[in-house]
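So you can see what is in the structure, the chains are spelled out below.
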Amino acid sequence: MKKLIAGIGFLCWGAGWAGCSSQPAEEPMEAVVERGLERAARQSLQMAKELEDQEGKLPKSINDGKLETSGYSWWCSGFFPGELWYLYEATSDPELKAYAEQFTERLEPVKDITYSHDVGFMLNCSYGNGWRLTHNEAYRDVMLQGARSLATRYNERVGLIRSWDFNRDKWQYPVIIDNMMNLEFLIWASREGNEPRYFNMAVSHADKTMENHFRPDYSCYHVVSYDTLTAVPHVKQTHQGYADSSAWARGQAWALYGYTMMYRDTQREAYLRQACQVARYLMGHPRMPEDKVPYWDFDDPKIPDVPRDASAAAIMASALIDLSQLTDKEFGQQCLDFAEHQLRSLTSPAYLAEPGTNCHFVLMHCTGHLPGNSEVDVPLSYADYYYVEALLRWKKLKAVDK
Ligand code: GLY
């Protein structure tokens with residue numbers, strides 16, 4: 001009976017039927033998640049068909065109304081293949097699997113990249129999900145070679161992985177908060193390749209980032225650059241945020257995801273405490289909009305007349321669902337409620353693209369690099385990846401609960 005009432009409520013909500021009570025009932029979360037996954041699968045298949053004959057191309061965003069692609073070396077190259085793997089996992093559709101394989105294999109040369117810390121993002125999302133779902137040995141080999149390349153960016157004296165090689169006149173040894181996201185890959189490689197030093201690198205990086213990137217309110221800086229002789233920070237700045245002292249929305253989301261994942265993978269309590277503090281900061285932020293999709297930077301003085309960043313909401317939602325299972329019951333429920341609110345917003349017409357629109361990306365209204373006047377109010381491949389990951393995490397969690 002409960003199910004039937006919920007179903008009727010959903011019909012009233014969908015149709016705006018005047019005969020229903022004036023308070024429309026909420027669409028059941030199960031239906032939200034299925035609708036989001038269905039839309040993502042439809043859009044992503046169209047994207048794959050559009051790009052299958054364009055050798056080496058991977059979707060990036062929209063520029064001047066047209067689909068913008070990249071080659072394997074752009075930091076976002078792994079997100080579309082990873083999204084295809086998640087959607088294959090959700091649907092068992094062999095067409096999605098074939099495309100997941102095809103687009104994953106476009107990233108093979110990433111295994112030898114030593115000029116970027118993003119090797120973790122690139123390979124873990126694509127090959128990592130492929131390995132998890134198929135146990136294809138060739139994928140494992142690519143990943144272990146990639147981990148060797150990533151490890152070359154670790155400096156023993158500083159105790160962190162170097163993020164960027166540009167702006168050498170400004171930054172001696174820049175580390176960005178986003179770099180936390182590469183640690184999952186190193187920890188996997190440490191276990192799979194029996195290389196304890198990778199684990200130690202990941203822990204050292206996370207510890208030093210915890211010490212130096214955060215402010216007393218648990219917001220974080222984007223870039224911390226270390227003095228290579230003393231291993232002490234010499235500047236704390238931003239690159240993609242509003243100001244050095246501001247809270248760039250996606251950076252906060254990377255921090256939340258990074259420490260949640262580090263606790264899940266290491267069981268070190270300090271990481272759980274950090275993840276919970278960052279979650280409290282974000283969920284309680286006075287400038288978090290009603291629909292829980294952050295403005296691009298929490299400290300832009302022009303709020304509310306500034307772009308949103310749906311990618312930050314998707315990353316946050318995925319991390320909060322993970323965190324909800326790792327922390328105490330009451331706080332876990334707050335995290336889950338917040339993530340559900342975000343997923344409802346992202347799956348509404350305000351953010352979810354209609355089929356056949358948005359150059360076949362799933363979400364709209366993301367901000368990549370506003371100060372660089374690049375990727376403002378556009379779709380981004382990583383927003384779609386973390387959105388689908390969050391939907392799937394929610395679905396798995398509810399399957400366990402039953
Ligand atoms: N890692 C770059 C970004 O979040 O834009």
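Being a predicted model, the structure only gives us computed values, none of them experimental. (Residues numbered from 1 in each chain as written. Predicted model: local features only at pLDDT ≥ 70, side-chain atom pairs only at ≥ 80, totals over all residues. Heavy atoms only, no water.)

What follows deals with the site of the ligand. Trp75, Asp178, Gln240, Trp248, Arg250, Trp254 and Tyr382 make up every residue found near the ligand. Here Asp178 contributes a side-chain N or O atom positioned 2.7 Å from a nitrogen atom of the ligand. One nitrogen or oxygen atom from the side chain of Gln240 is found 2.8 Å from an oxygen atom belonging to the ligand. The fraction of the free accessible surface of the ligand (200 Å²) that becomes covered by protein chains is 94%. (Near = heavy atom within 4 Å. Polar contact = N/O pair within 3.5 Å; in protein donor to acceptor, adjacent residues only side chain to side chain. Areas by Shrake-Rupley, 256 points an atom, 1.4 Å probe, with all protein chains shown as cover.)

A few words on helix H6 (residues 137–151). With 15 residues, H6 should cover 21 Å at 1.5 Å per step; its first-to-last C-alpha distance of 21 Å lies within 8% of that length. Inspection of H6 places Tyr139, Arg140, Val142, Met143, Leu144, Gly146, Ala147, Ser149, Leu150 and Ala151 among the buried residues, and these make up the whole buried set. Capping the start of H6 is the job of one residue whose side-chain oxygen sits 2.9 Å from the backbone nitrogen of Ala138: Asn136. (Helix = DSSP H or I, 4+ residues; strand = E, 2+ residues; numbered from the N terminus. Expected span 1.5 Å × (residues − 1). Buried < 20%, exposed > 50% of the residue type's maximum accessible area, 1.4 Å probe, protein only.)

Let's shift gears to the nonpolar core. Grouped together as the largest cluster of nonpolar side chains are 125 residues, with contacts concentrated most on Met262, Tyr386 and Tyr387. With sequence-adjacent residues up to four places away left out, Met262 is seen in contact with Met180, Leu183, Ile187, Ala202, Val203, Ala206, Gln267 and Tyr271. One finds Val158, Leu160, Tyr173 and Tyr226 within the second-largest nonpolar core, a separate group that totals seven residues. (Core = buried A, V, L, I, M, F, W, Y, C linked by side-chain atoms within 4.5 Å. Contact = heavy atoms within 4.5 Å.)

A word on helix H9 (residues 249–266). Across its 18 residues, H9 extends 26 Å between first and last C-alpha, which sits within 8% of the 26 Å expected from 1.5 Å per residue. Across the 18 residues that make up H9, a large majority, 17, are buried. Immediately beyond the C-terminal end of H9, within one or two residues, lies Gln267, with a positive phi of roughly 60°.

Now for the pattern of salt bridges. Counted under the stated rule, the structure contains 22 salt bridges. Across the pair Arg153 and Asp165 runs a salt bridge whose closest N-O atoms are separated by 2.8 Å. Of the two residues, Arg153 is situated in the loop between H6 and strand E3 (154–155) and Asp165 in the loop between strand E4 (160–161) and strand E5 (174–176); the sequence distance between them amounts to twelve residues. On the basis of relative accessible area, Asp165 is assigned to the partly exposed category, the value being 29%. Residue Arg264 is joined to Asp265 by a salt bridge in which the shortest nitrogen-to-oxygen separation is 3.3 Å. Among the charged side chains, a network of salt bridges with common partners joins Glu184, Arg264, Asp265, Asp322, Glu389 and Arg393. (Salt bridge = Lys/Arg side-chain N within 4 Å of Asp/Glu carboxyl O.)

Where helix H2 (residues 29–51) contacts helix H3 (residues 79–91), the two axes come as close as 10 Å, and the packing angle between them is 130°. Relative to H3, the element H2 is oriented oblique. For the element pair H2 and H3, the recorded crossing hand is left-handed. Side by side, H2 and H3 meet where Leu37, Ala40, Ala41, Ser44, Met47 and Ala48 of the first sit next to Phe80, Glu83, Leu84, Leu87 and Ala90 of the second. Grouping the constituent residues of the contact of H2 with H3 by class yields nine nonpolar, one polar and one charged. (Axes fitted to C-alpha atoms, helices over the stretch in contact; angles between N-to-C directions. Parallel < 35°, antiparallel > 145°, perpendicular 65-115°, else oblique. Left-handed = near helix turned anticlockwise from the far one by under 90°. Nonpolar A, V, L, I, M, F, W, Y, C, P; charged D, E, K, R; others polar.)

Attention now moves to the environment of Met29. Note that Met29 resides in helix H2. Note on Met29: relative accessible area 7%, which makes it buried. Measuring from C-alpha to C-alpha, the distance between Met29 and Leu183 comes to 32 Å, with 154 residues separating the pair along the chain. Setting aside its immediate chain neighbours within four residues, Met29 contacts Glu340, Leu343, Arg344 and Trp394.

A few words on the sheet that holds E5. Spatial ordering of the open sheet is given by E5-E6-E7, a layout of three strands whose pairing is antiparallel. Because the sheet does not close on itself, it has two edges, and the strands there are E5 and strand E7 (233–237). Averaged over all neighbouring strand pairs, the angle between strand axes comes to 20°, with direction disregarded. The pairing of strand E6 (residues 223–226) with E7 spans four bridges and is classified as antiparallel. Following the sheet pairing, Ser225 is matched in E7 by Val235. Taken strand by strand, helix H8 (residues 196–212) contacts E5, E6 and E7, and its axis lies near 110° from that of E6. (Pairing = 2+ DSSP bridges.)

Here the focus is unusual backbone geometry. Cis rather than trans, the peptide bond between Ile303 and Pro304 has omega equal to 15°. As for its position among the elements, Pro304 is in the loop between helix H10 (269–283) and helix H11 (310–324). The backbone of Ser92 sits at a positive phi, close to 60°, despite the residue not being glycine.

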